[in-house]
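# Notes for the structure review
Listed below, chain by chain, are the residues.
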Amino acid sequence: MAKKAALGWMEWLRGWIHIIYEMLFQRIMASNLENPLPLPPVDDLTCIVTGSTSGIGREIARQLAEAGAHVVMAVRNTKAANELIQKWQNERPEGGLPLNVEVMELDLLSLDSVARFAEAWNARSAPLNVLINNAGIFSIGEPQKFSKDGYEEHMQVNHLAPALLSVLLLPSLLRGSPSRIINVNSIMHYLGFVNPEDMNVNSGKRKYTSLVGYSGSKLAQVMFSSVLHKRLPAEAGIFVLCVSPGVVQTNVARDLPKTVQAVYRLIPYFIFSPQEGSRSSLFAATDPQISEYCEWLKADEWPVCAFISQDCRPANPSEEAHSIETQYEVWEKTLEMIGVPSDAVEKLIEGEEVKCRYGAQHE
Ligand SMILES: NC(=O)c1ccc[n+]([C@@H]2O[C@H](COP(=O)([O-])OP(=O)(O)OC[C@H]3O[C@@H](n4cnc5c(N)ncnc54)[C@H](OP(=O)(O)O)[C@@H]3O)[C@@H](O)[C@H]2O)c1
């Protein structure tokens, strides 16, 4: 059978219907949820949150820290993160315990930075209970750009770098087991198409737009997460999930024309606040039933990892995400691009060392 070269128009139409439906009705669908989402006890959890200086990630980090978790803000702007911690501490009620938050530098546009972050964290030999891959970009309307590692920037920031971080942190997640990897994904993955032979969309076979870059990177993340979820043995107790935060008023739209941004701000009824947008990630990170649900998906031979919707319910990723053949091709290609061997997961779970093309090992 000839290989698919793009998303079929029916899938594309279904994708848009899904996105518009969610945008119009997300508030009604989530009307049963409290805001902020009440959290179960988290004081024994250590959580890494990437991109926690802004938007959804900032809310996730703040709420986890205020509920007593040890939070690591993994950010590229460490000054902004330290200022936020100071602000949150100052807002604490008198006599309240100080927040247990720290900052570590991480730039997802550099795979060396990702590998160095993981090396530094693993060197502590401390348990990690939750990794929240939240940081992401959507450079709307901008021309195609490539990182210094040579990868299309949406693909690198939204998929490749979080994938490398997840793989390299497996030893610490194993120490913190039962533990979770939460990927802040998007319903835009419904519009995504990934050609594993052209992850950078620069072969000339498809025209690049920022929408193609963004939706493709989010679909690649669902596919990679689905294979990772299957590859991790049940005994490891590491669960992999993707979540949709909904349509949220954050800095993600910073590249939109000013007029569109103004309209965006005028429709707060439809658009979630960052606090509302943080609920699905916080739910996925802390709900006690999530482990059971993920185990059930593994046993049931379900082809995709858990996907939690903006209203904190189990949802089904796009039809394209279910293609097992493409999932495995994306998996292999991703491991090659991030510079780890194809048996990296199995080796790390067995406690063996894995060589990575990036980081101090390579310098
Ligand atoms: N907002 C929505 O409607 C929506 C919908 C679906 C999915 N999402 C997803 O939600 C996640 C959070 O986005 P948001 O809406 O909260 O956007 P945001 O306000 O723009 O926050 C994005 C965060 O990612 C960080 N980041 C960007 N590039 C980075 C890099 N190279 N290295 C490290 N950190 C980097 C940013 O840091 P700086 O401040 O230093 O730039 C910022 O802290 C993203 O994955 C996004 O795709 C958002």
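The rules we used
- Residues numbered from 1 in each chain as written.
- Predicted model: local features only at pLDDT ≥ 70, side-chain atom pairs only at ≥ 80, totals over all residues.
- UniProt positions renumbered as here; feature names shortened; annotations may be inferred.
- Helix = DSSP H or I, 4+ residues; strand = E, 2+ residues; numbered from the N terminus.
- Rg over C-alpha atoms; globule rule 2.2 N^0.38 Å.
- Buried ≥ 20, exposed ≤ 12 C-beta atoms within 10 Å, placed from the backbone.
- Contact = placed C-beta atoms within 7 Å.
- Pairing = 2+ DSSP bridges.
- Axes fitted to C-alpha atoms, helices over the stretch in contact; angles between N-to-C directions.
- Near = placed C-beta within 6 Å.
- Nonpolar A, V, L, I, M, F, W, Y, C, P; charged D, E, K, R; others polar.
- Core = buried A, V, L, I, M, F, W, Y, C linked by C-beta atoms within 7 Å.
- pLDDT = per-residue confidence, 0-100.
- Parallel < 35°, antiparallel > 145°, perpendicular 65-115°, else oblique.
- Left-handed = near helix turned anticlockwise from the far one by under 90°.

Turning to the chain, the UniProt annotation filed under Sequence similarities (unreviewed entry) states: "Belongs to the short-chain dehydrogenases/reductases (SDR) family."

Along the chain, the regular secondary structure elements total 13 helices and eight strands. Computed over C-alpha atoms, the radius of gyration of the chain comes to 19 Å, within 12% of the 21 Å expected from 2.2 N^0.38 for 363 residues, which places it in the range of a compact globule. Of all 363 residues assigned to the chain, the portion counted as buried reaches 48%. A separation threshold of at least 6 residues defines the contact pool for the chain, and within that pool the share at least 24 residues apart is 79%.

Attention shifts here to the sheet that holds strand 7 (residues 306–308). Taken in spatial order, the eight strands line up as 3-2-1-4-5-6-7-8 in an open sheet, and their pairing is mixed. Each having just a single partner strand, strand 3 (101–105) and strand 8 (314–315) make up the two edges of the open sheet. With six bridges connecting them, strand 5 (residues 179–184) and strand 6 (residues 238–243) associate as parallel partners. Looking across to strand 6, one finds that isoleucine 181 is bridged to valine 240. In this fold helix 7 (residues 210–231) packs onto strand 5, strand 6 and strand 7, with an angle of close to 160° to the strand it touches most, strand 6.

Turning our eyes to something else, we now look at the environment of isoleucine 271. With respect to the element layout, isoleucine 271 can be found in the loop between helix 8 (258–266) and helix 9 (274–277). Expressed as a C-alpha distance, the spacing of isoleucine 271 and tyrosine 21, which sit 250 residues apart in the sequence, is 12 Å.

Neighbouring the ligand are 27 residues; Gly51, Gly55, Ala135, Gly136 and Thr250 lie closest to it. At three residues, helix 2 (residues 55–66) tops the list of elements feeding residues into the shell around the ligand. The residue makeup of the shell around the ligand, split by class, is 14 nonpolar, 11 polar and two charged.

So, about the nonpolar core. Counting residues in each nonpolar core, the largest one holds 104 residues, and the members touching the most others are Cys47, Val71, Met73, Val114, Ile132, Leu164 and Leu241. In terms of residue count, helix 5 (residues 153–168) provides more of this core than any other element does, nine residues in total. Ignoring anything within four residues of it in the chain, the contact list for valine 71 reads Cys47, Val49, Ala61, Leu64, Ala65, Asn100 and Val101.

Of all six residues that make up strand 5, six are buried, and the element is covered over most of its length. Along strand 5, one buried face is formed by Ser179, Ile181 and Asn183 and the opposite face, lined by Arg180, Ile182 and Val184, is buried too.

The next subject is the confidence of the model for the chain. Averaged over all residues, the pLDDT of the chain is 94; the fraction at 70 or higher stands at 95%. Across the chain, element-level confidence peaks in strand 4 (residues 130–133) with a mean pLDDT of 99 and bottoms out in helix 8 with 68.

Turning next to the packing of helix 5 against helix 7. Here helix 5 crosses helix 7 at 20°, and the two axes come no closer than 7 Å. For the element pair helix 5 / helix 7, the angle class is roughly parallel. Considering only the axes of helix 5 and helix 7, their crossing is right-handed. Contacts between helix 5 and helix 7 involve His154, Met155, Asn158, His159, Pro162, Ala163 and Ser166 from the former and Gly213, Tyr214, Gly216, Ser217, Lys218, Ala220, Gln221, Phe224 and Leu228 from the latter. Here the residues of the contact of helix 5 with helix 7 sort into seven nonpolar, eight polar and one charged.

Okay, unusual backbone geometry next. Asparagine 35 connects to proline 36 through a cis peptide bond whose omega is 0°. Residue placement: proline 36 occurs in the loop between helix 1 (9–29) and strand 1 (46–50). Unusually for a residue other than glycine, valine 201 sits at a positive phi of about 45°. Relative to the helices and strands, valine 201 is located in the loop between strand 5 and helix 7.

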